[in-house]
Amino acid sequence: MTQALTTLTVRVPSTGVAIIEISGEVTRDSDAALKDAYERVDPHARAIVLSFQDLDYMNSSGIGLLVTLLVRAQRARQRILACGLTAHYREIFELTRLDEVISIHDSEAAALAAAA
Amino acid sequence: MNTQPDERAAGPWAAPVDRLAMTDDHINVSGRRPTAPMNGFGRMWQKTYRTALGAVTPQQAITVLKEHFPELWPAGNRFFAPLAGIAPGEVAALDLTMPGGLKLSTGVLVLYADDESFTLMTPEGHMFAGWITFSAFAEDGQTWAQAQVLMRASDPLYELGMTFGGHRQEDRHWVHTLTSLAAQFGVDGEVTVETVCVDRRRQWGRARNIWHNAGIRSGLHMAGAPVRLVRGRR
């Protein structure tokens, strides 16, 4: 497997909410990194914000990884929110209908307010 | 909102589309919404088919797969390649042979396509809601071709069909396609199949997807053919 060019940082801004900052590329090679980041989130968190502020690139395999992450979160009764998407990736979320299950916000602050 | 330029990403993706449009009269395609795995009814599956291709580049592998895609399918199933080929935003019609001889007509949207991969997204009425991504990559000193399906059966009838033979039929389909691709490079490829149930739950709120079921609609269309023929002669 090729080394992933993804960096994922998990932060806990408040009780019950986690932020996963996604930097670099999200492709098929990001699978392990995404799973690892999700494992680092408190299983009792009620909401997870995916921050795409530093996303460089995401292909269709990367979108597939987000779907599997979403399913894991839904099983744990956790909401998934997203922020920091470019206009282009907002369109991709609409095209792939991810926007119907992941609420999209302009900023991290807006996402955190919605998650509260 | 992040407004950084994103030129590399813009090319391979289809432009936003709410409903598919085709210029010919292939049934069950025009007017249908593209569907994601979340929009289906049945259990969510991730199925990965993989074969070694030897000493070709991933780009060569995907070029051949795109150009010969219809020929690589098993007999009895047809992929009507778009005039522009497998390119982002193009829509292709499909005719698939079902048990009992029924011809199921549906289509796919080319969601994403670059030099090393492409992804097809299914419309409402297709057997499954989801995506299938074909990719090629170098690993362990050779190039591999992979097809990965992420899907839920679209409605309860399809879920029943997938459970009782549909998954096996789909496995045979993609094993045949990858074996045929390997043969294009003179390789006698063995295809591995990995199946993972991503979500065991069924989404009963999506049971109404059966309204769009392309199998039922194709059957009704076939049954109505004599009537259309008589009307056409008047």
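For every chain, the first residue of its written sequence is number 1, and the numbers climb from 1 along that sequence. Labels are handed out in written order, letters beginning with A for the chains and numbers beginning with 1 for the ligands. Only residues with pLDDT of at least 70 get local features here, since the model is predicted, and only at 80 or more are side-chain atom pairs given and counted; chain-wide, interface and lining totals rely on the full set of residues.

1. A short note on the sheet that holds strand 5 (residues 117-121) of chain B
Residues and elements named next belong to chain B.
So, point 1. Any two strands with at least two DSSP bridges between them are considered paired. A run of H or I in DSSP becomes a helix once it reaches four residues, and a run of E becomes a strand once it reaches two; helices and strands are each numbered from the N terminus. With antiparallel pairing, the eight strands of this open sheet are ordered in space as 2-3-4-5-6-7-1-8. Pairing within the sheet leaves two strands with one partner each, and these edge strands are strand 2 (78-80) and strand 8 (192-199). For this sheet, the mean angle separating the axes of adjacent strands, direction not counted, is 20 degrees.
So, point 2. Bridge count for strand 6 (residues 128-139) against strand 7 (residues 142-153) is 12 bridges, and the pairing is antiparallel. Paired with Trp131 across the bridge in strand 7 is Leu150.
So, point 3. Once C-beta atoms have been placed from the backbone, residue pairs whose C-beta atoms lie within 7 Å are recorded as contacts. For helices, the fitted axis covers only the stretch in contact; all axes are lines through C-alpha atoms, and the angles between them, taken along N-to-C directions, range from 0 to 180 degrees. The sheet contacts of helix 3 (residues 156-184) involve strand 1 (44-54), strand 6, strand 7 and strand 8, and relative to strand 7 the element is tilted by about 165 degrees.

2. Comments concerning the environment of B:Phe80
All names here are of chain B.
So, point 1. Counting through the fold element by element, Phe80 comes out in strand 2.
So, point 2. Using C-beta atoms placed from the backbone, we call a residue buried if 20 or more other C-beta atoms fall within 10 Å of its own, exposed if 12 or fewer do, and partly exposed for counts in between. The class for Phe80 is partly exposed, based on 16 C-beta atoms found within 10 Å.
So, point 3. For the pair Phe80 and Gly219, spaced 139 residues apart in sequence, the C-alpha to C-alpha distance is 20 Å.
So, point 4. In contact with Phe80, not counting residues within four places along its chain, are Ala92 and Ala93.

3. What about the packing of helix 1 (residues 31-40) of chain A against helix 2 (residues 60-75) of chain A?
All names here are of chain A.
So, point 1. With their axes 11 Å apart at the nearest point, helix 1 and helix 2 run at an angle of 25 degrees to one another. With respect to helix 2, the element helix 1 is oriented roughly parallel. Crossing of helix 1 over helix 2 shows right-handed handedness. Contacts from Asp31, Leu34 and Tyr38 of helix 1 reach helix 2 at Leu65, Leu69 and Arg72. Roughly parallel refers to an angle under 35 degrees, roughly antiparallel to one over 145, roughly perpendicular to one between 65 and 115, and oblique to any angle outside these ranges. Crossings are sorted by hand: turned counterclockwise from the far helix by less than a right angle, the near helix makes the crossing left-handed, and turned clockwise it makes it right-handed.

4. Some words on the sheet that holds strand 5 (residues 103-105) of chain A
All names here are of chain A.
So, point 1. Read from one edge to the other, the open sheet built from five strands follows the order 1-2-3-4-5, with strand pairing classed as mixed. The open sheet terminates on both sides in strands that have one partner only, identified here as strand 1 (6-14) and strand 5. Geometrically, the sheet is characterised by an average inter-axis angle of 25 degrees between neighbouring strands, direction not taken into account.
So, point 2. As judged from the three bridges shared by strand 4 (residues 79-83) and strand 5, these two strands associate in the parallel manner. Residue pairing for strand 5: Ala82 is matched across the bridge by Ile104.
So, point 3. Its contacts with the sheet put helix 1 on strand 1 and strand 2 (17-26), and the angle it makes with strand 1 is roughly 15 degrees.
So, point 4. The sheet contacts of helix 4 (residues 108-115) involve strand 1, strand 2, strand 3 (47-58), strand 4 and strand 5, and relative to strand 4 the element is tilted by about 160 degrees.

5. A short note on the interface of chain B and chain A
So, point 1. Contact residues are listed per partner, giving 30 residues for chain B and 28 residues for chain A.
So, point 2. Breaking the side of chain B that touches chain A down by element, the ones donating at least two residues are helix 1 (7-10), strand 4 (103-113), strand 5, strand 6 and strand 8 of chain B.
So, point 3. Residue contributions to the side of chain B that touches chain A peak at five residues, all from strand 6 of chain B.
So, point 4. The residue inventory of the side of chain B that touches chain A, partitioned by class, reads 18 nonpolar, eight polar and four charged. Residues are grouped as follows: Ala, Val, Leu, Ile, Met, Phe, Trp, Tyr, Cys and Pro are nonpolar; Asp, Glu, Lys and Arg are charged; every other residue, Gly included, is polar.

6. Details of the environment of A:Ile80
Residues and elements named next belong to chain A.
So, point 1. Topologically, Ile80 is positioned in strand 4.
So, point 2. Exposure remark for Ile80: the 20 C-beta atoms within 10 Å place this residue in the buried category.
So, point 3. Spatially, the C-alpha atoms of Ile80 and Gly24 are 20 Å apart, while their sequence positions differ by 56 residues.
So, point 4. Excluding residues within four positions of it along the chain, Ile80 makes contact with Ile48, Leu50, Leu70, Ala73 and Ile102.

7. What about the nonpolar core?
So, point 1. In this description, a nonpolar core means buried residues of the types Ala, Val, Leu, Ile, Met, Phe, Trp, Tyr and Cys, linked to one another by C-beta atoms lying within 7 Å. Ranked by internal contacts, the top residues of the largest apolar core, which has 95 residues, are A:Ile48, A:Val49 and A:Leu81.
So, point 2. Beyond its immediate chain neighbours, meaning those up to four positions away, A:Ile48 contacts A:Ala18, A:Ile20, A:Val41, A:Ala73, A:Gln78 and A:Ile80.

8. Points about the pairing of strand 2 of chain A
Residues and elements named next belong to chain A.
So, point 1. For strand 1 and strand 2, the ladder comprises seven bridges, and the chain directions are antiparallel. Residue Arg11 lies in a different strand from strand 2, and its bridge partner there is Ile19.
So, point 2. Hairpin connection, strand 1 to strand 2: the antiparallel pair is bridged by two residues, and Gly16 has positive phi, about 90 degrees.
So, point 3. Sheet analysis places strand 2 next to strand 3, joined by nine bridges and oriented parallel. Paired with Gly24 across the strands is Leu55, a residue of strand 3.

Keep in mind that these numbers describe shape and distance, not what the molecule does.
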